[in-house]
Amino acid sequence: MLFRSVRVAPVPGEALDSWLEAVAHRCCATFEELLAAVGLPQGRKGPRWIVALNTQERRCLATATGITQQQLRAMTLQAYEGPAVRIDYHRRTPARTGAWGYCGGSRYCPACLTETRGRWKLEWRLPWYFACLRHHALLADICQTCGNSPRRTTPKPDAVPEPGRCACPPEGAPKGGKHRCSADLTDAQVLVLPNNHPVFQAQRHVNLLVAGQQAPRT
């Protein structure tokens, strides 16, 4: 099988769908071809395997790609199960729990996308993550070309994925159309602030709380 001979390591903190896109891109395969090769279904309203992989899916993916089942689990929302996310395993969807729930789309840091050549962090999909501590910037929440929230839809199944580019339908496109915006998300303009700005202190405190640690009092 083609995909067994091509190993693409996930970057730290990467989301499962981003890593699969990177594998398909490396293989010059459509997303549909990649999913078929590794034994994953593709849902029309967003694949449930982004939330949690079942046992069979983990085994198939691990066999096809050489990535351990523990690594695969860490790329799904199971990595944040607890204070940040509650998962309905019967439906394989995240439970809606107000501020500590799950966003259908995703925020993103253009500078991070530039550094990783379009690889997407899992934490960006959660509403409590609003700032990049590495680049001292607020995260972008829409594609500044089409106005859609990135990653609200799955990649075009019959096309080779383009990491770092918007996969949402372009403005004015007919519903169910095959066209995608394809804007370069690394070009998005975001607000850069001093490292000691209160917004970054707030982000650090929230991260500690989600990790089950006590944030220091100020």
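Everything discussed here concerns the structure shown above.
Summary of the structure given here. This one's a predicted model, so the numbers in the text were calculated from it and none came from an experiment.

Reading the values: rules and limits
- Residues numbered from 1 in each chain as written.
- Predicted model: local features only at pLDDT ≥ 70, side-chain atom pairs only at ≥ 80, totals over all residues.
- Heavy atoms only, no water.
- Helix = DSSP H or I, 4+ residues; strand = E, 2+ residues; numbered from the N terminus.
- Buried < 20%, exposed > 50% of the residue type's maximum accessible area, 1.4 Å probe, protein only.
- Contact = heavy atoms within 4.5 Å.
- Areas by Shrake-Rupley, 256 points an atom, 1.4 Å probe, with all protein chains shown as cover.
- Core = buried A, V, L, I, M, F, W, Y, C linked by side-chain atoms within 4.5 Å.
- Polar contact = N/O pair within 3.5 Å; in protein donor to acceptor, adjacent residues only side chain to side chain.
- Disulfide = S-S within 2.5 Å.
- Salt bridge = Lys/Arg side-chain N within 4 Å of Asp/Glu carboxyl O.

**Let's talk about the overall build of the protein**
- Within the protein one finds 6 helices and 4 strands.
- Seen in sequence order, the protein has helices and strands lined up from the N terminus as α-α-α-α-β-β-α-β-β-α.
- The buried share among the 218 residues of the protein stands at 43%.
- The long-range fraction of contacts in the protein, counting pairs at least 24 apart against all pairs at least 6 apart in sequence, stands at 58%.
- Working note: accessible area of the protein is about 11,700 Å², and carbon and sulfur atoms make up 50% of it.

**Remarks on the nonpolar core**
- If you look at the biggest cluster of nonpolar residues, it comprises 30 residues, and the most contacted ones within it are Tyr80, Tyr108, Trp124, Trp128, Cys143, Cys166 and Leu185.
- The next biggest cluster of nonpolar side chains, apart from the first, holds 23 residues, and it includes Ala24, Cys27, Phe31 and Ala64.

**Digging into helix α3 (residues 55-65)**
- Residues of α3 that are buried: Glu57, Arg58, Leu61, Ala62, Ala64 and Thr65.
- Buried residues along α3 sit in contact with α1 (16-27), α2 (31-38) and α4 (69-74).
- Sitting at the amino-terminal end of α3 is Asn54, which places a side-chain oxygen 3.2 Å from the backbone nitrogen of Gln56.
- Directly after α3, the chain includes Gly66, whose backbone phi takes a positive value near 85 degrees.

**Describing the state of the cysteines**
- Following the criterion strictly, the structure yields 0 disulfides and no others.
- No disulfide involves Cys27; its sulfur sits 7.8 Å from that of Cys28, the nearest cysteine.
- Here Cys27 falls in the buried class, since its relative accessible area comes to 11%.

**Details of the pattern of salt bridges**
- Considering all chains together, one arrives at 5 salt bridges under this definition.
- Its salt-bridge partner being Asp17, residue Arg125 comes within 2.7 Å of it at the nearest N-O pair. Separated by 108 residues along the polypeptide, Arg125 in the loop between α5 (110-116) and β3 (131-132) and Asp17 in helix α1 bring together distant segments of the chain. Accessibility assignment for this pair places Arg125 and Asp17 in one class, buried.
- Notably, a salt bridge pairs Arg134 with Glu115, separated by 2.9 Å at the nearest N-O pair. Of this pair, Arg134 sits in the loop between β3 and β4 (137-138) while Glu115 sits in helix α5, and the two are 19 residues apart along the sequence.
- Residue Arg134 is classed as exposed on the basis of its relative accessible area, which comes to 57%.
- Connected via shared salt-bridge partners are Asp17, Glu21, Arg125 and Arg151.

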